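Spelled out, the chains give:
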Amino acid sequence: MPDSNVKEVLERFPNTWIDRDNFAMFEGFLEKRMLINRCQDCQKYFQPPWPSCPNCWSENVEPTEVSGNGVVHTFVILHTGALVGVEGVDYMKGYPLLVVELEEQEGLRVTGPMVNCANEDIRIGMPVRLNWIERQGHPVPAFQPA
Ligand SMILES: [Zn+2]
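Since the structure is predicted, the reported quantities are computational estimates derived from the model, not experimental observations.

Moving on to the overall build of the protein chain. A count of helical and extended segments in the protein chain gives two helices and nine strands. Secondary structure of the protein chain in N-to-C order comes out as α-α-β-β-β-β-β-β-β-β-β. What you see for the protein chain is a C-alpha radius of gyration of 16 Å, in line with the 15 Å of a compact globule of 146 residues. With 146 residues in all, the protein chain has 40% of them scored as buried. Excluding contacts between residues fewer than 6 apart, the proportion of contacts in the protein chain whose partners are at least 24 apart in sequence is 49%. When the accessible surface of the protein chain is summed, it comes to about 8,700 Å², and 52% of that surface belongs to carbon and sulfur atoms. Here the protein chain carries 12 positive and 20 negative side-chain charges, and the mean point of each set is 4 Å from the other.

Listed below in structure tokens is the structure:
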């Protein structure tokens, strides 16, 4: 990873824990690409981005772009959250946070907010696709109905 990218990622995500293991994921966010570590030996994706494969213990893992297509595995409507307000988040209206199972692999799940959908219309099993939103000066992965 070039030093210039390290500097940019750290500057664009000032309140986020960035380390060697998750750096590529956040670097991908800046390009609106969802990168998930994939084992090059057994081909399994896994999340969060550990440096070795939890399936076969190989350290031959590569951040790999996924489609962002999936289905709602479960969700919560948050009515309370961080004491410090977050731009674009209104807990009074209820903030919809999803766990999405990605189409790439059974059990491969990521979290993100739902956009372009009324809270009361969200259903477990509904197809969704990736839709990047901008927050605090950087892209954040979100989902919307497919
Ligand atoms: Zn593996």
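So, on to the layout of surface pockets. Gaps left between atoms are located by rolling a probe of water-molecule size over the structure's atoms. In this structure, the largest pocket encloses a volume near 560 Å³. If you trace the largest pocket, you find 27 residues lining it, with Phe29, Thr111, Pro113, Val140 and Pro141 closest to the centre. Only α2 (23–30), β1 (35–39), β4 (95–102), β5 (109–113) and β8 (138–140) provide two or more residues apiece to the lining of the largest pocket. The two domains that each donate at least three residues to the lining of the largest pocket are domain 1 (3–65) and domain 2 (70–145). As a volume, the second largest pocket reaches approximately 300 Å³. Every residue lining the second largest pocket is counted, 17 residues in all, and those nearest its centre are Arg20, Asp21, Ala24, Asn37 and Pro63. Among the secondary structure elements, those contributing two or more residues to the lining of the second largest pocket are α2, β1 and β2 (61–65). With four residues, α2 is the largest single contributor of residues to the lining of the second largest pocket. For the lining of the second largest pocket, a count of residues per class yields eleven nonpolar, two polar and four charged.

What counts and what doesn't
Residues numbered from 1 in each chain as written. Predicted model: local features only at pLDDT ≥ 70, side-chain atom pairs only at ≥ 80, totals over all residues. Heavy atoms only, no water. Helix = DSSP H or I, 4+ residues; strand = E, 2+ residues; numbered from the N terminus. Rg over C-alpha atoms; globule rule 2.2 N^0.38 Å. Buried < 20%, exposed > 50% of the residue type's maximum accessible area, 1.4 Å probe, protein only. Contact = heavy atoms within 4.5 Å. Areas by Shrake-Rupley, 256 points an atom, 1.4 Å probe, with all protein chains shown as cover. Lys, Arg positive; Asp, Glu negative; His and termini not counted. Charge placed at Lys NZ, Arg CZ, Asp CG, Glu CD. 1 Å grid on protein atoms, 1.4 Å probe; cavity = no way out; pocket = protein on both sides within 12 Å on 5 of 7 lines; lining within 4 Å. Points joined across faces, edges and corners; volume = space filled by probe spheres on them. Domains from an automatic or database assignment. Nonpolar A, V, L, I, M, F, W, Y, C, P; charged D, E, K, R; others polar.

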